[in-house]
2 protein chains.
Amino acid sequence: MNIGQAAKASGISEKMIRYYESIGLIGPVSRTEAGYRVFREKEVHALRFISRARDLGFSVEQMGNLLALWQDRHRASADVKAVAQAHIEELDGKIQKLQDMRRTLEHLVKHCRGDERPDCPILSDLAAESVAESHERDVETS
Amino acid sequence: MNIGQAAKASGISEKMIRYYESIGLIGPVSRTEAGYRVFREKEVHALRFISRARDLGFSVEQMGNLLALWQDRHRASADVKAVAQAHIEELDGKIQKLQDMRRTLEHLVKHCRGDERPDCPILSDLAAESVAESHERDVETS
DNA sequence: ATTTGACCTTACAACAATGGGAAGGTTTAT
DNA sequence: ATAAACCTTCCCATTGTTGTAAGGTCAAAT
(Lines give C-alpha, C1' and ligand atoms only; values in the text may rest on other atoms or scores of the structure.)
Protein backbone atom coordinates (compact mmCIF):
# COMPACT_ATOMS: atom_id res chain seq x y z
CA MET A 1 0.00 0.00 0.00
CA ASN A 2 1.42 3.36 -1.01
CA ILE A 3 1.15 6.50 1.02
CA GLY A 4 -1.81 7.79 -0.96
CA GLN A 5 -3.80 4.67 -0.17
CA ALA A 6 -2.76 4.81 3.45
CA ALA A 7 -3.86 8.43 3.62
CA LYS A 8 -7.29 7.58 2.28
CA ALA A 9 -7.58 4.55 4.52
CA SER A 10 -6.65 6.46 7.66
CA GLY A 11 -7.99 9.93 7.07
CA ILE A 12 -4.57 11.46 7.60
CA SER A 13 -3.02 13.44 4.78
CA GLU A 14 0.13 12.22 3.07
CA LYS A 15 1.87 15.27 4.37
CA MET A 16 1.01 14.52 7.93
CA ILE A 17 1.89 10.87 7.62
CA ARG A 18 5.37 11.86 6.50
CA TYR A 19 5.51 14.39 9.29
CA TYR A 20 4.45 11.89 11.95
CA GLU A 21 7.11 9.55 10.69
CA SER A 22 9.74 12.28 10.71
CA ILE A 23 9.10 13.14 14.34
CA GLY A 24 9.00 9.51 15.33
CA LEU A 25 5.33 9.30 16.27
CA ILE A 26 5.21 6.28 14.03
CA GLY A 27 8.30 4.18 13.46
CA PRO A 28 10.16 4.29 10.17
CA VAL A 29 8.03 2.82 7.41
CA SER A 30 9.66 0.25 5.16
CA ARG A 31 10.40 1.21 1.57
CA THR A 32 10.46 -0.28 -1.89
CA GLU A 33 13.65 -0.34 -3.93
CA ALA A 34 12.67 2.99 -5.38
CA GLY A 35 12.12 4.55 -1.99
CA TYR A 36 8.34 4.45 -1.91
CA ARG A 37 6.88 3.91 1.53
CA VAL A 38 5.05 0.63 1.96
CA PHE A 39 2.18 0.55 4.46
CA ARG A 40 0.72 -2.66 5.80
CA GLU A 41 -2.34 -3.14 7.98
CA LYS A 42 -0.28 -2.63 11.09
CA GLU A 43 0.77 0.85 10.04
CA VAL A 44 -2.63 1.83 8.79
CA HIS A 45 -4.15 0.68 12.03
CA ALA A 46 -1.80 2.93 13.95
CA LEU A 47 -2.65 5.81 11.66
CA ARG A 48 -6.33 5.32 12.31
CA PHE A 49 -5.60 5.28 16.00
CA ILE A 50 -3.81 8.57 15.59
CA SER A 51 -6.63 9.98 13.54
CA ARG A 52 -9.14 9.26 16.28
CA ALA A 53 -6.91 10.58 19.02
CA ARG A 54 -6.40 13.73 17.00
CA ASP A 55 -10.15 14.15 16.62
CA LEU A 56 -10.34 14.13 20.38
CA GLY A 57 -7.85 16.95 20.53
CA PHE A 58 -4.87 15.04 21.86
CA SER A 59 -1.52 16.66 21.16
CA VAL A 60 1.18 14.82 19.29
CA GLU A 61 2.96 14.24 22.55
CA GLN A 62 -0.12 12.78 24.21
CA MET A 63 -0.71 10.62 21.15
CA GLY A 64 2.79 9.30 21.54
CA ASN A 65 1.98 8.27 25.10
CA LEU A 66 -1.28 6.69 24.07
CA LEU A 67 0.34 4.76 21.26
CA ALA A 68 3.00 3.46 23.60
CA LEU A 69 0.35 2.33 26.06
CA TRP A 70 -1.68 0.79 23.29
CA GLN A 71 1.26 -1.28 22.21
CA ASP A 72 2.20 -2.25 25.74
CA ARG A 73 0.30 -5.39 26.56
CA HIS A 74 1.13 -4.97 30.24
CA ARG A 75 -0.12 -1.44 30.59
CA ALA A 76 -2.31 -0.48 33.49
CA SER A 77 -5.58 1.05 32.39
CA ALA A 78 -4.99 3.59 35.13
CA ASP A 79 -2.17 5.05 33.07
CA VAL A 80 -4.39 5.45 30.05
CA LYS A 81 -7.10 6.97 32.17
CA ALA A 82 -4.64 9.45 33.60
CA VAL A 83 -3.66 10.69 30.15
CA ALA A 84 -7.30 11.05 29.18
CA GLN A 85 -8.20 12.83 32.37
CA ALA A 86 -5.33 15.25 32.03
CA HIS A 87 -6.58 16.02 28.57
CA ILE A 88 -10.10 16.58 29.82
CA GLU A 89 -8.73 19.12 32.23
CA GLU A 90 -6.86 20.84 29.43
CA LEU A 91 -10.06 20.97 27.44
CA ASP A 92 -11.92 22.36 30.42
CA GLY A 93 -9.38 25.13 30.73
CA LYS A 94 -9.71 26.09 27.12
CA ILE A 95 -13.49 25.93 27.22
CA GLN A 96 -13.52 28.10 30.30
CA LYS A 97 -11.34 30.71 28.69
CA LEU A 98 -13.38 30.82 25.51
CA GLN A 99 -16.61 31.05 27.46
CA ASP A 100 -15.28 33.94 29.49
CA MET A 101 -14.42 35.78 26.31
CA ARG A 102 -17.76 34.94 24.84
CA ARG A 103 -19.63 36.21 27.86
CA THR A 104 -17.82 39.53 27.91
CA LEU A 105 -18.23 40.00 24.21
CA GLU A 106 -21.87 39.02 24.27
CA HIS A 107 -22.46 41.61 26.95
CA LEU A 108 -20.81 44.32 24.88
CA VAL A 109 -22.62 43.35 21.71
CA LYS A 110 -25.94 43.41 23.47
CA HIS A 111 -25.35 47.03 24.40
CA CYS A 112 -24.29 48.17 20.95
CA ARG A 113 -27.08 49.66 18.88
CA GLY A 114 -25.55 48.53 15.64
CA ASP A 115 -26.77 51.42 13.53
CA GLU A 116 -25.04 54.08 11.44
CA ARG A 117 -24.04 56.15 14.41
CA PRO A 118 -20.46 55.87 15.60
CA ASP A 119 -21.19 55.48 19.31
CA CYS A 120 -20.27 51.99 20.32
CA PRO A 121 -19.76 50.48 23.76
CA ILE A 122 -17.58 47.78 22.27
CA LEU A 123 -14.98 50.29 21.15
CA SER A 124 -15.45 52.33 24.30
CA ASP A 125 -14.65 49.34 26.39
CA LEU A 126 -11.61 48.38 24.37
CA ALA A 127 -10.35 51.93 24.47
CA ALA A 128 -11.10 52.52 28.14
CA GLU A 129 -8.28 53.95 30.20
CA SER A 130 -7.36 51.06 32.41
CA VAL A 131 -9.48 51.06 35.50
CA ALA A 132 -9.38 48.08 37.80
CA GLU A 133 -8.83 45.44 35.17
CA SER A 134 -6.45 42.56 35.21
CA HIS A 135 -3.36 44.51 34.19
CA GLU A 136 -1.07 46.31 36.52
CA ARG A 137 1.00 49.30 35.62
CA ASP A 138 2.63 49.94 38.95
CA VAL A 139 6.02 48.35 39.35
CA GLU A 140 7.68 50.66 41.82
CA THR A 141 7.82 49.76 45.47
CA SER A 142 5.41 52.17 47.04
CA MET B 1 8.76 56.72 26.64
CA ASN B 2 10.92 53.78 25.60
CA ILE B 3 9.61 50.41 24.54
CA GLY B 4 10.13 48.89 27.98
CA GLN B 5 7.93 51.53 29.58
CA ALA B 6 5.35 51.14 26.84
CA ALA B 7 5.34 47.41 27.40
CA LYS B 8 4.67 47.82 31.10
CA ALA B 9 2.06 50.48 30.48
CA SER B 10 0.17 48.40 27.95
CA GLY B 11 0.65 44.85 29.12
CA ILE B 12 2.13 43.86 25.78
CA SER B 13 5.66 42.47 25.68
CA GLU B 14 8.42 44.38 23.92
CA LYS B 15 8.69 41.50 21.53
CA MET B 16 5.08 41.74 20.54
CA ILE B 17 5.13 45.51 20.24
CA ARG B 18 7.95 45.23 17.73
CA TYR B 19 6.08 42.46 15.99
CA TYR B 20 2.85 44.44 15.80
CA GLU B 21 4.79 47.30 14.32
CA SER B 22 6.51 45.06 11.82
CA ILE B 23 3.26 43.68 10.49
CA GLY B 24 1.69 47.12 10.37
CA LEU B 25 -0.92 46.61 13.09
CA ILE B 26 0.40 49.81 14.58
CA GLY B 27 1.98 52.43 12.36
CA PRO B 28 5.73 53.00 12.41
CA VAL B 29 6.78 54.42 15.74
CA SER B 30 9.02 57.46 15.68
CA ARG B 31 12.63 57.09 16.75
CA THR B 32 15.35 58.96 18.54
CA GLU B 33 18.63 59.80 16.82
CA ALA B 34 20.01 56.54 18.13
CA GLY B 35 17.13 54.51 16.77
CA TYR B 36 15.22 53.97 20.01
CA ARG B 37 11.46 53.85 19.58
CA VAL B 38 9.62 56.71 21.22
CA PHE B 39 6.09 56.02 22.46
CA ARG B 40 3.65 58.76 23.32
CA GLU B 41 0.22 58.48 24.91
CA LYS B 42 -1.36 57.95 21.52
CA GLU B 43 0.65 54.84 20.85
CA VAL B 44 0.30 53.47 24.33
CA HIS B 45 -3.42 53.99 24.12
CA ALA B 46 -3.54 51.95 20.93
CA LEU B 47 -1.45 49.24 22.58
CA ARG B 48 -3.84 49.04 25.47
CA PHE B 49 -6.69 48.77 23.00
CA ILE B 50 -4.88 45.89 21.37
CA SER B 51 -4.20 44.27 24.70
CA ARG B 52 -7.89 44.24 25.56
CA ALA B 53 -8.94 43.02 22.15
CA ARG B 54 -6.40 40.26 22.42
CA ASP B 55 -7.77 39.24 25.81
CA LEU B 56 -11.10 38.80 24.10
CA GLY B 57 -9.52 36.45 21.63
CA PHE B 58 -9.57 38.69 18.57
CA SER B 59 -7.07 37.75 15.91
CA VAL B 60 -4.49 40.20 14.68
CA GLU B 61 -6.53 40.67 11.56
CA GLN B 62 -9.70 41.41 13.50
CA MET B 63 -7.77 43.77 15.73
CA GLY B 64 -6.67 45.60 12.63
CA ASN B 65 -10.28 46.07 11.64
CA LEU B 66 -11.26 47.19 15.10
CA LEU B 67 -8.41 49.67 15.29
CA ALA B 68 -9.39 51.12 11.94
CA LEU B 69 -12.96 51.51 13.09
CA TRP B 70 -11.84 52.97 16.36
CA GLN B 71 -9.87 55.63 14.56
CA ASP B 72 -12.63 56.33 12.06
CA ARG B 73 -14.79 59.00 13.55
CA HIS B 74 -17.49 58.33 10.96
CA ARG B 75 -17.75 54.62 11.56
CA ALA B 76 -21.13 52.98 11.92
CA SER B 77 -21.48 51.06 15.16
CA ALA B 78 -23.11 48.36 13.05
CA ASP B 79 -19.71 47.63 11.52
CA VAL B 80 -18.12 47.21 14.91
CA LYS B 81 -20.98 45.04 16.05
CA ALA B 82 -20.56 42.86 12.99
CA VAL B 83 -16.92 42.21 13.75
CA ALA B 84 -17.76 41.35 17.33
CA GLN B 85 -20.60 39.09 16.36
CA ALA B 86 -18.50 37.26 13.83
CA HIS B 87 -16.00 36.68 16.57
CA ILE B 88 -18.64 35.39 18.93
CA GLU B 89 -19.61 32.87 16.31
CA GLU B 90 -16.02 31.82 15.93
CA LEU B 91 -15.81 31.37 19.66
CA ASP B 92 -19.01 29.37 19.63
CA GLY B 93 -17.58 27.08 17.00
CA LYS B 94 -14.47 26.45 19.02
CA ILE B 95 -16.40 25.94 22.23
CA GLN B 96 -18.68 23.50 20.50
CA LYS B 97 -15.80 21.52 19.15
CA LEU B 98 -14.04 21.36 22.48
CA GLN B 99 -17.22 20.36 24.28
CA ASP B 100 -17.83 17.57 21.80
CA MET B 101 -14.35 16.25 22.47
CA ARG B 102 -14.85 16.62 26.15
CA ARG B 103 -18.12 14.75 26.11
CA THR B 104 -16.73 11.80 24.19
CA LEU B 105 -13.66 11.64 26.33
CA GLU B 106 -15.61 11.92 29.53
CA HIS B 107 -17.76 9.04 28.46
CA LEU B 108 -14.75 6.87 27.73
CA VAL B 109 -13.04 7.78 30.97
CA LYS B 110 -16.14 6.97 32.95
CA HIS B 111 -16.06 3.44 31.57
CA CYS B 112 -12.39 2.84 32.23
CA ARG B 113 -11.69 1.07 35.49
CA GLY B 114 -8.37 2.76 35.91
CA ASP B 115 -6.68 -0.10 37.71
CA GLU B 116 -3.69 -2.36 37.13
CA ARG B 117 -5.34 -4.36 34.40
CA PRO B 118 -4.69 -3.51 30.76
CA ASP B 119 -8.30 -3.59 29.54
CA CYS B 120 -9.28 -0.08 28.64
CA PRO B 121 -12.26 1.17 26.66
CA ILE B 122 -10.37 4.33 25.83
CA LEU B 123 -7.74 2.45 23.88
CA SER B 124 -10.34 0.08 22.48
CA ASP B 125 -12.26 2.98 21.10
CA LEU B 126 -9.20 4.66 19.62
CA ALA B 127 -8.09 1.40 18.08
CA ALA B 128 -11.51 0.34 16.82
CA GLU B 129 -11.65 -0.75 13.21
CA SER B 130 -13.74 1.97 11.73
CA VAL B 131 -17.33 0.87 11.97
CA ALA B 132 -19.13 4.09 11.49
CA GLU B 133 -17.67 7.57 11.27
CA SER B 134 -15.70 8.68 14.24
CA HIS B 135 -18.43 11.11 15.20
CA GLU B 136 -21.00 8.41 15.65
CA ARG B 137 -19.61 7.05 18.83
CA ASP B 138 -21.86 5.53 21.41
CA VAL B 139 -23.45 8.17 23.56
CA GLU B 140 -24.69 7.60 27.06
CA THR B 141 -27.22 4.80 26.68
CA SER B 142 -28.72 4.81 30.10
C1' DA C 1 9.41 1.84 -27.07
C1' DT C 2 8.08 6.15 -25.83
C1' DT C 3 5.06 9.37 -23.91
C1' DT C 4 1.73 10.80 -20.58
C1' DG C 5 -0.32 11.29 -16.28
C1' DA C 6 -0.74 9.83 -11.79
C1' DC C 7 1.89 8.79 -8.33
C1' DC C 8 5.92 9.15 -5.19
C1' DT C 9 10.28 11.50 -3.08
C1' DT C 10 12.76 15.38 -0.52
C1' DA C 11 13.32 20.09 0.89
C1' DC C 12 11.87 24.45 1.75
C1' DA C 13 8.47 28.19 3.01
C1' DA C 14 4.48 29.75 5.15
C1' DC C 15 0.70 30.43 8.62
C1' DA C 16 -0.46 32.62 13.93
C1' DA C 17 1.37 34.45 17.91
C1' DT C 18 4.82 34.23 20.94
C1' DG C 19 9.29 33.56 23.35
C1' DG C 20 14.43 32.90 23.49
C1' DG C 21 18.80 34.38 22.64
C1' DA C 22 22.98 36.37 20.33
C1' DA C 23 25.70 40.26 19.00
C1' DG C 24 26.00 44.73 19.31
C1' DG C 25 24.89 50.01 20.18
C1' DT C 26 23.20 53.65 23.89
C1' DT C 27 22.11 55.74 28.09
C1' DT C 28 22.61 56.35 32.86
C1' DA C 29 24.57 56.07 37.20
C1' DT C 30 28.45 55.35 39.79
C1' DA D 1 35.74 55.14 32.76
C1' DT D 2 33.07 51.42 33.50
C1' DA D 3 29.21 48.60 34.62
C1' DA D 4 24.27 47.97 34.53
C1' DA D 5 20.29 48.46 32.30
C1' DC D 6 18.49 49.61 28.42
C1' DC D 7 17.74 49.40 23.38
C1' DT D 8 18.46 47.57 18.38
C1' DT D 9 18.15 43.87 14.59
C1' DC D 10 18.34 39.13 13.21
C1' DC D 11 17.64 34.39 13.50
C1' DC D 12 15.55 30.20 15.64
C1' DA D 13 11.86 27.41 17.95
C1' DT D 14 7.31 26.35 18.91
C1' DT D 15 2.41 23.28 17.02
C1' DG D 16 0.16 21.24 13.39
C1' DT D 17 -0.75 21.75 8.94
C1' DT D 18 -0.67 23.06 4.06
C1' DG D 19 1.61 24.62 -0.27
C1' DT D 20 5.01 24.44 -3.72
C1' DA D 21 9.02 23.24 -6.43
C1' DA D 22 12.07 20.05 -8.55
C1' DG D 23 12.60 15.74 -9.45
C1' DG D 24 12.18 10.23 -9.61
C1' DT D 25 8.86 6.14 -10.70
C1' DC D 26 5.19 3.42 -12.30
C1' DA D 27 1.45 1.88 -15.25
C1' DA D 28 -1.29 2.43 -19.04
C1' DA D 29 -2.00 4.22 -23.75
C1' DT D 30 0.01 5.33 -27.86
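Nothing here was measured: the structure is a model prediction, and the numbers come from that model.

Participant: How should I be thinking about the protein's contact with DNA strand D in this particular structure?
Facilitator: Around DNA strand D, 20 residues are found, and the nearest of them are Lys15 and Tyr36 of chain A together with Gly4, Arg18 and Arg37 of chain B. Arg37 of chain B places a side-chain nitrogen or oxygen 2.8 Å from a phosphate oxygen of DNA strand D. Listed by contribution, the elements that provide at least two residues to the surface near DNA strand D are helix H2 (14-22) of chain A together with helix H1 (3-10) and helix H2 (14-22) of chain B. Among the elements that take part in the surface near DNA strand D, H2 of chain A stands out by supplying four residues, more than any other.

Participant: Any chance you could explain helix H4 (residues 60-71) of chain A here in plain terms?
Facilitator: Helical geometry: 3.6 residues make up each α-helical turn, so side chains three or four residues apart lie on a common side. Over its twelve residues, H4 of chain A runs 16 Å from end to end, which matches the ideal 16 Å to within 8%, given 1.5 Å per residue. Within H4 of chain A, burial applies to Gln62, Met63, Leu66, Leu67, Leu69 and Trp70 of chain A. Along the axis of H4 of chain A, the buried residues cluster in a sector spanning 165°; they form a single face. Within H4 of chain A, the exposed residues directed more than 90 degrees away from the buried face are Glu61 and Gln71 of chain A. In this structure, the buried residues of H4 of chain A make contact with H2, helix H3 (41-55) and helix H5 (77-110) of chain A together with helix H6 (121-127) of chain B.

Rules behind the numbers
- Residues numbered from 1 in each chain as written.
- Chains lettered and ligands numbered in written order.
- Predicted model: local features only at pLDDT ≥ 70, side-chain atom pairs only at ≥ 80, totals over all residues.
- Heavy atoms only, no water.
- Near = heavy atom within 4 Å.
- Polar contact = N/O pair within 3.5 Å; in protein donor to acceptor, adjacent residues only side chain to side chain.
- Helix = DSSP H or I, 4+ residues; strand = E, 2+ residues; numbered from the N terminus.
- Expected span 1.5 Å × (residues − 1).
- Buried < 20%, exposed > 50% of the residue type's maximum accessible area, 1.4 Å probe, protein only.
- Arc of directions from axis to C-beta.
- Contact = heavy atoms within 4.5 Å.

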